[in-house]
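Given next are the chains, with one letter for each unit.
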Amino acid sequence: MNGMTKRLKTALATRGHTEALTNGTVRPRTFEFDFEEVPVIIKAFRRMVRSQDFDICELAMTTYLCSRAFGKPFTAIPVFPMRAFHHGAIMYNMKSGISTPKDLEGKKVGVNRGYTVTTGLWVRSILQHEHGVDLSKITWMLSGDEHVAEYRPPANVVAIEPGTTLEKLLEAGEIAAAIGVQVDAPGVKPLIPNAKDAGFDALRQRGLYPINHTVVVRNDVLEANPDLAADLFEAFAEAKRRYLDRLTSGGIDTPDPVQARVMEITGDPVPYGIEPNRQMLESIVQYSVEQGILSRPFGIEELFAPGTRDLTA
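All figures in this text were calculated on a predicted structure; none of them were measured in a lab. (Residues numbered from 1 in each chain as written. Predicted model: local features only at pLDDT ≥ 70, side-chain atom pairs only at ≥ 80, totals over all residues. Heavy atoms only, no water.)

Undergrad: I'd like to hear about the pattern of salt bridges, residue by residue, with values.
TA: If you walk through the whole model with that rule in mind, you get 22 salt bridges. Note that Arg 242 and Glu 238 form a salt bridge whose closest N and O atoms lie 2.9 Å from each other. Here Arg 242 and its partner Glu 238 are both found in helix 8 (residues 228-248), four residues apart, which amounts to about one turn of the helix. We classify Arg 242 as partly exposed; its relative accessible area is 39%. (Salt bridge = Lys/Arg side-chain N within 4 Å of Asp/Glu carboxyl O. Helix = DSSP H or I, 4+ residues; strand = E, 2+ residues; numbered from the N terminus. Buried < 20%, exposed > 50% of the residue type's maximum accessible area, 1.4 Å probe, protein only.)

Given below as structure tokens:
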């Protein structure tokens, strides 16, 4: 690189397992991060998809799949900096005549932002695969647009009227339920009871540990620097190792309670690499096809940069 260390513009949320990267204590070998502080990381997703504003960017997993389907010029490495359980992400109005998820059929259900939002994908998969809900019998109401502007959702997906919000519609009972909204109202409560336990039960019984975000690199940057993808993976891996060492030794005053419980069950709350995550990756692709986010499945290997496909951490 002409003796100069290349600086790559990067958008990444700071979390326990990425903090050593964002504060500079772990540095890649072949380049330097040039971090842009993006307080709401979702805003970076849109900029990456629409104008490739960053060399390296955290990106929602379904946004990535949709982006690849439309030929956006970036490729992921198998690093997954954000995961979550989603059983608690759907709220319903108790006056809307619903007592079980199956009762949502024939009703309107809100989805925060776009149909391709990862939380929406995971919640719909829980409704379908754990509760037998026919997703095609629900009208999905969106409060925003898709990051991938070219994407066209299925016919039963519509936008809410301008000037209103999903929160108002849910409180008024004009929609039966909504995914990914915060409503503190007497008649609105989580649809799936004991949602936290349901998430951990699904992890224990079926290895369900939903991936929300990955990390992508612009293709021109990857082509110019063949070792960069593996180097980037190793930097994430080293930052994670340092975090887990502190987590296991009690060196973190207020550990993330979800990560701490996952660690008890699986031993690793943030597994990286294709192989340890194959089941979740195959699930995301399957659900994306089932829900009309993808028109055809991807092979898992083709989603990730050469040089990273066999790496694990």
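Undergrad: An account of the environment of His 129 is requested, with residue identities and associated values reported.
TA: Relative to the assigned elements, His 129 resides in helix 4 (residues 118-131). In this structure, the C-alpha to C-alpha distance between His 129 and Tyr 287, residues 158 residues apart in sequence, is 9.8 Å. When residues no more than four places from it in sequence are discounted, the contact partners of His 129 are Gln 286, Tyr 287 and Glu 290. Only 2.8 Å separates the side chain of His 129 from the side chain of Glu 290, close enough to count as a polar contact. (Contact = heavy atoms within 4.5 Å. Polar contact = N/O pair within 3.5 Å; in protein donor to acceptor, adjacent residues only side chain to side chain.)

Undergrad: Before we move on, can you summarise the nonpolar core with the specific residues and values?
TA: Among the nonpolar cores identified, the biggest contains 62 residues, and Ile 90, Leu 104, Leu 127, Trp 140 and Phe 304 are the most heavily contacted of them. If one sorts the elements of this core by residue count, helix 10 (residues 274-290) sits on top with six residues. By size, the runner-up hydrophobic cluster in this structure holds 25 residues, among which are Leu 21, Phe 233, Ala 237 and Ala 305. (Core = buried A, V, L, I, M, F, W, Y, C linked by side-chain atoms within 4.5 Å.)

Undergrad: Report on the sheet that holds strand 3 (residues 56-60), specifying residues and quantitative values.
TA: Across the sheet, which stays open at both edges, the five strands sit in the order 2-1-3-11-4 with mixed pairing between neighbours. Every interior strand has two partners, whereas the edge strands, strand 2 (31-35) and strand 4 (74-83), have only one. Between one strand and the next, the sheet's axes are offset by a mean angle of 30 degrees, whatever the strand orientation. For strand 3 and strand 11 (residues 211-218), the ladder comprises five bridges, and the chain directions are antiparallel. Residue pairing for strand 11: Ile 56 is matched across the bridge by Val 217. Most of the contacts of helix 2 (residues 41-51) go to strand 3, to which it runs at about 110 degrees, and overall it touches strand 1 (6-11), strand 3, strand 4 and strand 11. In this fold helix 8 packs onto strand 1, strand 2, strand 3, strand 4 and strand 11, with an angle of close to 5 degrees to the strand it touches most, strand 4. (Pairing = 2+ DSSP bridges. Axes fitted to C-alpha atoms, helices over the stretch in contact; angles between N-to-C directions.)

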